[in-house]
Amino acid sequence: NKAVSFKLRGELMKGRFMKLYNKALKENPSPEFLIKLGSMHTMRGKTPLGIVDIGERVHQLAKINGSQDLNIHFMFRYYLNDEDGFGYFDNADGKSQWLKERNPIHLQGKVDEWALIDLVSLGQYVVENTIQTYPAITDLIRRHDYIIIPPVTRDVELNYDSKMD
């Protein structure tokens, strides 16, 4: 079960983090941490699977301590295939609601450049009702401060056998 697996991993990560956090508190009353994990675990609030994960734990600790957390979401944008070389994830068949709702984010920046999207500033427009967004983008704004989208890479190699036996 996917939810059980995510919950178990989240509990293990939160437990390990709290041990390191408490140890660091003994040396510094305001310790700083950099956590690099997948966004399913590091997002604020409950995950789509209904789990309060390490990202929410860190967010709550920052609030309790009068400090601030910074949450950066790395998002893919491009697909690679033999026919086209590379291109935007598209929704040509119109069946992917997930892609449709995130397309305004995917279209930011250029193919060969990094893109940084300031969700904090964008969120102000949402709060003021200056702009309307898909619920998926509003959710990204609520859970993260920035999105980083890397450029397409052509030097990708599979690190597993994709053939099904």
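Residues numbered from 1 in each chain as written. Predicted model: local features only at pLDDT ≥ 70, side-chain atom pairs only at ≥ 80, totals over all residues. Heavy atoms only, no water.

In a soluble, globular protein the nonpolar side chains are often hidden away together inside. Of all hydrophobic cores here, the largest spans eleven residues; its members are Met75, Ile105, Ala115, Ile117, Leu119, Val126, Ile137, Leu140, Ile141, Ile147 and Ile149. Breaking this core down by element, the ones donating at least two residues are strand S4 (115–118), helix H5 (119–127), helix H6 (135–143) and strand S5 (146–149). Per-element accounting of this core gives the leading share, three residues, to H6. Met13, Met18, Tyr21 and Ile54 belong to the second largest nonpolar core, which has six residues in total. (Core = buried A, V, L, I, M, F, W, Y, C linked by side-chain atoms within 4.5 Å. Buried < 20%, exposed > 50% of the residue type's maximum accessible area, 1.4 Å probe, protein only. Helix = DSSP H or I, 4+ residues; strand = E, 2+ residues; numbered from the N terminus.)

Right, let's talk about the packing of aromatic side chains for a bit. All chains considered together, the criterion is met by three aromatic pairs. Connected via pairs of aromatic rings, a cluster forms that spans Phe17, Tyr21 and Phe33. In this structure, Arg9 packs its charged tip against the face of Phe6, placed 4.5 Å from the ring centre. (Phe/Tyr/Trp six-rings, centres within 6.5 Å; stacked < 30°, edge-to-face > 60°. Lys NZ or Arg CZ within 6 Å of the ring centre and 35° of its normal.)

Here the structure, examined in full by the defined rule, presents five salt bridges. Close ionic contact of Asp145 with Arg44 constitutes a salt bridge, the shortest N to O distance being 2.5 Å. One end of the pair, Asp145, is in the loop between H6 and S5; the other, Arg44, is in the loop between helix H2 (39–42) and helix H3 (54–64), with 101 residues separating them in the sequence. Take Asp145 and Arg44: they sit in the same class, and that class is buried. Note that Asp139 and Arg143 form a salt bridge whose closest N and O atoms lie 2.8 Å from each other. Of the two residues, Asp139 and Arg143 are both situated in helix H6; the distance of four residues between them amounts to about one turn of the helix. What emerges from the salt-bridge pattern is a single network uniting Arg44, Asp69 and Asp145. (Salt bridge = Lys/Arg side-chain N within 4 Å of Asp/Glu carboxyl O.)

None of this, on its own, says anything about what the molecule does.
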